[in-house]
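What follows is each chain in one-letter form.
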Amino acid sequence: MKHGLRDSLSRRLKLNLLIPGAVGGALIFALACGSDTEVVREVPGKVVIQTVIVEREVPGEKVVETVIVEREVAIPGDTVIQTVIVSVVGVAPGAPKPSTWGGTLRLAAHGPPAHFDFYASNTIANIGSQAPMYNKLVRKLGITTALPITGDLAERWEIAPDSMTYTFFLRDGVKFHDGSDFSAEDVKASYDRIIFPPGDLVSGRKTNFNAVTEVNVLDRLTVEFKLDAPRGPGWMLTAMAHGWNVIISKETLAETGGNLRKVDDHPGTGPFKYVSRNDERWVQERFVDYFDPSKPNVDRVEHIWLVAWTPELSAALLSGVVDWGMWLDPKLGNDIRDGNRDGLKGIRWTLPNVGGMVFNTLRTPYDDKRVRKAISIVIDQAAINEATKDLRVAELGDWFLYGTPYAMTPAQLAAEPGLRTPTDADIEMAQALLADAGFPNADGFPEVTLVTRETPDQKVINAAIQAMLKQHLNIDAVIELTDVSVHGEKLRTQAYDFSTNAGYTVGLTDPAAYIVAGLGMCGDRPCDQNMGQWEHDGFNDLIVKLTDEGEQGARIAIVDEMRAILLDEWPIMPMGPAPQFWGWSENLLGMVPGDFSGHYDLHTWDDVWFATK
């Protein structure tokens, strides 16, 4: 490495990327080149920063990217081991494009969306097709499986020593697709919509920013986030890099009152701009005035609507109708991933979410915890996973993220009625609970409406639940299938009894971040992913304690208290995570190089290209 680059990088780090000293520790720097990466140890109560150099060959250019790995160990509310990478991308303006620049990228899209308000959505049916038209403050890159974070509309940022002020310095000269100028006012308006949605507007990720008290415009290209509690970059920057947190114009938000549901062409600053949309596809073309002249590398993107886990989706990828697809069935996904399908490449992707069957606690008799618990106990999740194994691979889990220190162990799951395969004693317990609630042998119990998405796995799952309810509790149920993108809207309006495929995720692995979104209160109303509208004062008190606590052992103890309430209340019957599979043509280059975990972060499509057109 040249000393000039090392010195320049060090100065930039010290000026712009210093991690806050809220935990009172020193910073540790390790500079490395190529494979000579120095391994730095984690120090409890400290922040560790590691710098590595990643080189990627692109036809016609060589891109060098410097990434700073930040691991936070003990900032309150941010103590889960979570790697954040901030990259300084060494691509000069006007750099040559790949030699095969151009072409049309055809993507298998999960949709069409039921509406166009990505701030109010939790489904990829929105951001999967809309993301190419927008930018974020910061973004993730698929150059490694760690998904490094780099600036997007923000060129650089500063974090106050107490982790309670984030200041972003924005790119100059950025244009919206309608020709208007981008400024800090647009960032403020967009984040006000995300964090402080007016009236009854939904915001699926506002809980990620619950410590933010105000967003201030300091000048035309500087915006400041003020917090009332420390949040390290492992929380804040990761949340900002999530796919949904895109920036649109202040004027658009003013014209619509923040409700974007009916407007499919609200201009963004992104690499692609709107061309057309119908019941078959959504078409976007290269934005010729994009602020980065080296991107995008394709001329056009076509999002083709295909239903997840269907033969039609598989056939579209195998026949070359689409260049990329996700939600492949495990057999095909593993075949591609293992190199057994000529001309295709693939990976396995894990979304950090809690799946589940949610009860509408506003409806009788599901407002009675005895009924919710009885139903949960008789549903055999292990049997359901076996029945759907050719469609998806799923694990048993609980209300906290699988594989983290807060999750239940297999032995603990096996000991809990409702989370294990029901025993004869479990079924007797469930029948007694139902009788105690006033429905012996289900006498007088209303017919249940099982609402779910119209995907192959959910059809099997709900048929199994329907049979189990009848066999063990004598409850009759009907299955109501909905379009994949309409399903979430039915849940938000409480137009259901209970529903599968209804968990929660905010893309952060800290339990305080996701549990409040899925089961907590936001002010005087349930948070926007609390679909069952469940309220419990003691549980919300524990969420506050969990957020404020910085020591992992104490946090696990708080989670155990929360879980005891959930095992008594059963607002949602958790169903374990199900990793998904991506597949794409080997002619498509620039894709993430291996299995990874993350939110819907890599759907901008400005940094991929074709080997041959």
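About the thresholds
Residues numbered from 1 in each chain as written. Predicted model: local features only at pLDDT ≥ 70, side-chain atom pairs only at ≥ 80, totals over all residues. Heavy atoms only, no water. Helix = DSSP H or I, 4+ residues; strand = E, 2+ residues; numbered from the N terminus. Buried < 20%, exposed > 50% of the residue type's maximum accessible area, 1.4 Å probe, protein only. Contact = heavy atoms within 4.5 Å. Areas by Shrake-Rupley, 256 points an atom, 1.4 Å probe, with all protein chains shown as cover. Expected span 1.5 Å × (residues − 1). Arc of directions from axis to C-beta. pLDDT = per-residue confidence, 0-100. Phe/Tyr/Trp six-rings, centres within 6.5 Å; stacked < 30°, edge-to-face > 60°. Lys NZ or Arg CZ within 6 Å of the ring centre and 35° of its normal. Patch = residues over 30% accessible without salt bridge, like charges linked within 9 Å, V, L, I, M, F, W, Y side chains within 5 Å. Salt bridge = Lys/Arg side-chain N within 4 Å of Asp/Glu carboxyl O. Lys, Arg positive; Asp, Glu negative; His and termini not counted. Charge placed at Lys NZ, Arg CZ, Asp CG, Glu CD. 1 Å grid on protein atoms, 1.4 Å probe; cavity = no way out; pocket = protein on both sides within 12 Å on 5 of 7 lines; lining within 4 Å. Points joined across faces, edges and corners; volume = space filled by probe spheres on them. Nonpolar A, V, L, I, M, F, W, Y, C, P; charged D, E, K, R; others polar.

1. Description of the overall build of the protein chain
The helix and strand inventory of the protein chain stands at 16 helices and 27 strands. By the burial criterion, 59% of the 613 residues in the protein chain qualify as buried. Contacts in the protein chain between residues at least 24 apart in sequence constitute 68% of all its contacts with a sequence separation of at least 6. Roughly 22,700 Å² of accessible area belongs to the protein chain as shown, and the carbon and sulfur atoms make up 50% of that amount.

2. Quick look at helix α8 (residues 369-378)
For α8, a buried count of seven out of ten residues is recorded, marking the element as mostly surrounded by other parts of the structure. Here α8 has its buried residues at Val 371, Arg 372, Ala 374, Ile 375, Ser 376, Ile 377 and Val 378. The secondary structure elements touched by the buried residues of α8 are β17 (355-359), α11 (424-436), α12 (456-473), β20 (498-499), α16 (552-569) and β23 (572-575).

3. A few points about α12
For α12, spanning 18 residues, the distance from its first C-alpha to its last is 26 Å, which sits close to the expected 26 Å at 1.5 Å a residue. Of the residues making up α12, those classed as buried are Asp 457, Gln 458, Ile 461, Asn 462, Ile 465, Met 468, Leu 469, His 472 and Leu 473. Seen along its axis, α12 keeps its buried residues to an arc of 120°; they face one direction. Remark: Asn 474 follows α12 within two positions and exhibits a positive phi of approximately 65°.

4. Brief notes about the confidence of the model for the protein chain
Across the protein chain, the average pLDDT comes to 83, with 84% of residues at 70 or higher. Segment residues 1-96 is flagged for pLDDT under 50; beyond a separation of four residues in sequence, or across chains, it makes 229 contacts in the model.

5. As for the packing of aromatic side chains
Using the criterion set out here, one finds 25 aromatic pairs in the structure. A ring pair is formed by Tyr 191 and Phe 225, whose centres lie 5.1 Å apart and whose planes are at 90°; its orientation type is edge-to-face. Pair noted here: Tyr 191 is in helix α3 (residues 184-195) and Phe 225 is in strand β11 (residues 222-227), with a separation of 34 residues, a long-range link. Summarising the burial analysis for this pair, Tyr 191 and Phe 225 share the class buried. The rings of Trp 157, Phe 168, Tyr 191, Phe 209 and Phe 225 are connected pair by pair, giving a single aromatic cluster. The residue whose ring lies beneath Arg 156 is Phe 169, and the NZ or CZ to ring-centre distance is 4.0 Å. For Arg 231, the ring lying beneath its charged end belongs to Trp 235, and the centroid distance is 4.5 Å.

6. Observations regarding the environment of Val 486
Within the secondary structure, Val 486 is located in the loop between β19 (477-482) and α13 (487-492). With 373 residues separating them in the primary sequence, Val 486 and Pro 113 have C-alpha atoms 7.6 Å apart.

7. Regarding a negative patch on the surface
A contiguous patch of negative charge, built from Asp 524, Glu 535, Asp 537 and Asp 541, is present on the exposed surface. With respect to the helices, strands and loops of the structure, Asp 524 is situated in the loop between β21 (521-522) and β22 (525-526). The exposure class of Asp 524 is exposed, given its relative accessible area of 72%.

8. A look at empty space enclosed by the protein
This structure, assessed with the given rule, holds seven cavities of 30 Å³ or more. When residues of the lining of the largest cavity are traced back to their parent elements, those giving at least two are α2 (124-130), β16 (344-350), β17, α12 and α13. Among the elements that line the lining of the largest cavity, the one with the most residues is α13, at five residues. Residues that form the lining of the largest cavity fall into these classes: 18 nonpolar, 22 polar and five charged. What the second largest cavity holds in volume is close to 150 Å³. For the second largest cavity, the lining is made up of 16 residues, of which Gly 142, Gly 590, Leu 602, Asp 607 and Val 608 are closest to its centre. Considered class by class, the residues forming the lining of the second largest cavity number seven nonpolar, four polar and five charged.

9. Topic: the layout of surface pockets
Gaps between atoms show up when a probe of the same size as a water molecule is rolled over them. For the second largest pocket, the calculated volume is near 410 Å³. Contributing to the lining of the second largest pocket are 24 residues, with Thr 207, Asn 210, Ala 211, Val 516 and Met 521 lying nearest its centre. The dominant element in the lining of the second largest pocket, judged by the number of residues it contributes, is helix α15 (residues 537-548), at six residues. Each residue belonging to the lining of the second largest pocket can be placed in one class, and the counts come to 14 nonpolar, five polar and five charged.

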